[in-house]
Amino acid sequence: MARNPAAQTAFGPMVLAAVERHEPPGRRLVDDDLAAAFLPARARWLVAATRPALVRRLFIAGMERGGPGLWANLACRKRYIVEKLDETLETIDAVVVLGAGLDTRAYHLARTSQMPIFEVDQRVNVARKAATVRRALGEQPRSVRLVALDFERDDLLTTLAEYGYRIDYRTFFIWEGVTQYLTADAVRATLEGLRPVAPGSRLVFTYVRRDFIDGVNRYGAKSLYRRVRQRQQLWHFGIQPEEVEKFLADFGWRLIEQVGPEQLIQRYVRPAARDLTASEIEWSAYAEKT
């Protein structure tokens, strides 16, 4: 299967979720019983090695050296998205996961609901996901549709319509860990393309601060900056927290709330009695279509 650097980033968040599964239930920042099954064999062996608490702590500490605070960010953003989705299940008609990667959320939902779920990603990731689901679950749930799309070139709603999406669906859109990999033009084009969606639709998305993208403030993550901005040039788009409300409003969305490191620590890390920090680099925003 073809490789490209952005597509390969699908593995990291699922390794994290699978490792978190080894924590006692009250200490898990995210609880995903499918995460390990969706990983390739080598990654599953790595996750299995973290079952002992000491090995797990060393593994997390090693990951933290590359991006201080990002373990909590990545784990807690998944928890946050699940909470917001659960809160709105009675009022929505469909779920669209933008840049789905190896995420398992659609398959958890398909266990209890026939609501249509659309997983959108690059063609290479869609092919990988289809093979992964067949291996892990035996077959693709009928309610989950895999949609190949290039955010830089393709029209989102036109492509979704080919897979049965309807414009009158009140939709929960999930855009997790994706926007930084896109150009500013692609981010704006995606939001512009969503302008016709039904009022009452929801959007949860994560973003990286522009001052990190620009190198003005590296937030103690110099090695991460060198990797994603200088060597591989993976990350492109960033925005400041104080700009998000107006940015979304320009495309017809009302910002409900944002969560940054302080909120993640208060809501999830401290109740789990975990000794972790959260990074200023990445934030999450939650909005409603007006």
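Refer to the structure above for everything that follows.
We now turn to the structure provided with this report. Bear in mind the structure is a predicted one, so any value in this text is a computation, not a measurement. Once a new chain begins, its residue numbering starts again from 1 and follows that chain's sequence as written. Local features in a predicted model are, by the rule used here, given only for residues with pLDDT of at least 70; side-chain atom pairs are given and counted only at 80 or more, and totals for whole chains, interfaces and linings are based on all residues. The side-chain values count all of the structure's non-hydrogen atoms but skip hydrogen atoms and water molecules.

### Concerning the sheet that holds strand β5 (residues 202–208)
(1) Moving on: Note: two strands are recorded as paired if DSSP finds a minimum of 2 bridges between them. Strands are runs of DSSP state E lasting at least 2 residues, helices are runs of H or I lasting at least 4, and numbering of each runs from the N terminus. If you trace the 7 strands from one edge of the open sheet to the other, you get β3-β2-β1-β4-β5-β7-β6, paired in mixed fashion. Across the chains shown, the open sheet's two edge strands, defined by having one partner strand only, are β3 (144–148) and β6 (253–259). Between one strand axis and the next, the sheet turns through 20° on average, direction left out of account.
(2) Moving on: In this structure, strand β2 (residues 117–121) lies alongside β3, joined through 5 bridges in parallel fashion. Considered in β3, the bridge of Phe118 is made with Arg145. Every axis corresponds to a line fitted to the C-alpha atoms, with the helix fit spanning only the stretch in contact, and the corresponding angles, defined between N-to-C directions, vary from 0 to 180 degrees.

### A word on unusual backbone geometry
(1) Moving on: Positive phi is not limited to glycine here, since Tyr219 has a value of about 50°.
(2) Moving on: Relative to the assigned elements, Tyr219 resides in the loop between α10 (210–213) and α11 (222–231).

### Structural notes on the pairing of strand β1 (residues 94–98)
(1) Moving on: For the exposure calls, accessible area comes from a 1.4 Å probe over protein chains only, and a residue counts as buried if that area is under 20% of its type's maximum, exposed if over 50%, partly exposed in between. Counting buried residues along β1, 5 of its 5 residues qualify, which places the element largely inside the surrounding structure.
(2) Moving on: The two faces of β1 match: Ala94, Val96 and Leu98 on one face and Val95 and Val97 on the other face are all buried.
(3) Moving on: Judged from the 4 bridges that link them, β1 and β2 form a sheet pairing that is parallel. What sits directly across from Leu98, in β2, is Val120.
(4) Moving on: The path from the first strand over the helix to the second decides the hand: if it runs clockwise while the strands point away from the viewer, the crossover is right-handed. Between β1 and its parallel partner β2, the chain crosses via helix α6 (residues 105–110), and the hand of that crossover is right-handed.

### Describing helix α2 (residues 11–20)
(1) Moving on: Across the 10 residues of α2, 8 count as buried, placing the element largely inside the fold.
(2) Moving on: Every buried residue of α2 is listed here: Pro13, Met14, Val15, Leu16, Ala17, Ala18, Val19 and Glu20.

### Points about the pattern of salt bridges
(1) Moving on: Basic side-chain nitrogens of Lys or Arg form a salt bridge, by our definition, when they fall within 4 Å of a carboxyl oxygen of Asp or Glu. Taken as a whole and judged by the stated rule, the model has 28 salt bridges.
(2) Moving on: A salt bridge links Arg111 to Asp33; the shortest N-O distance between them is 3.3 Å. On the criterion of sequence distance, the pair formed by Arg111 in the loop between α6 and β2 and Asp33 in the loop between α2 and α3 (41–49) is long-range, its members being 78 residues apart.
(3) Moving on: Accessibility expressed as a relative area gives 49% for Arg111, which makes it partly exposed.
(4) Moving on: Relative accessible area serves as the criterion here: at 40%, Asp33 is assigned to the partly exposed category.
(5) Moving on: A salt bridge links Arg77 to Glu282, with the shortest nitrogen-to-oxygen separation between them at 2.6 Å. Taken together, the positions of Arg77 in helix α5 (residues 70–88) and Glu282 in strand β7 (residues 282–289) put the pair 205 residues apart, joining distant regions of the chain.
(6) Moving on: Note on Glu282: relative accessible area 6%, which makes it buried.
(7) Moving on: Three or more residues are tied together by salt bridges with common partners; here these are Arg77, Lys78, Asp103, Arg105, Glu176 and Glu282.

### A look at the packing of aromatic side chains
(1) Moving on: Any two rings among Phe, Tyr and Trp, with Trp reduced to its six-membered ring, count as a pair given centres within 6.5 Å; such a pair is stacked if its planes are under 30 degrees apart, edge-to-face if over 60, and tilted if neither. Inspection of every chain in the model, using the stated rule, returns 14 aromatic pairs.
(2) Moving on: Geometrically, the ring pair formed by Trp175 and Phe205 is tilted, given 6.5 Å between the ring centres and 50° between the ring planes. Of the two residues, Trp175 is situated in strand β4 (residues 171–175) and Phe205 in strand β5; the sequence distance between them amounts to 30 residues.
(3) Moving on: An aromatic cluster is present here, built from Phe151, Trp175, Phe205 and Tyr207 joined pairwise through their rings.

### Re the packing of α2 against α5
In a pair of packed helices, the angle between the axes and the distance between the axes together describe the arrangement.
(1) Moving on: It is at 10 Å that the axes of α2 and α5 come closest, and there the two elements cross at 85°. Of the possible angle classes, the one that applies to α2 and α5 is roughly perpendicular. Across from Pro13, Met14, Leu16, Val19 and Glu20 in α2, the residues of α5 making contact are Trp71, Leu74, Ala75, Arg77 and Lys78.
(2) Moving on: Class assignment for the residues of the contact of α2 with α5 results in 7 nonpolar, no polar and 3 charged. The cut-offs work like this: below 35 degrees is roughly parallel, past 145 is roughly antiparallel, 65 to 115 is roughly perpendicular, and the gaps in between are oblique. By definition in these notes, contact holds between two residues if any of their heavy atoms fall within 4.5 Å. Under the convention adopted here, Pro, Cys and the residues Ala, Val, Leu, Ile, Met, Phe, Trp and Tyr are nonpolar, Asp, Glu, Lys and Arg are charged, and Gly plus all remaining residues are polar.

### Concerning the nonpolar core
(1) Moving on: Residues belong to a common nonpolar core when they are buried Ala, Val, Leu, Ile, Met, Phe, Trp, Tyr or Cys residues joined through side-chain atoms within 4.5 Å. Grouped together as the largest cluster of nonpolar side chains are 65 residues, with contacts concentrated most on Val95, Tyr107, Phe172, Phe212, Leu224 and Trp235.
(2) Moving on: By residue number, the principal contributor to this core is α5, which donates 9 residues.
(3) Moving on: In contact with Trp235, not counting residues within four places along its chain, are Gln180, Tyr181, Val208, Phe212, Ile213, Leu224, Val228, Arg229 and Ile281.
(4) Moving on: Core analysis: the second largest hydrophobic core is formed by 36 residues, Leu160, Leu191, Phe237 and Phe247 among them.

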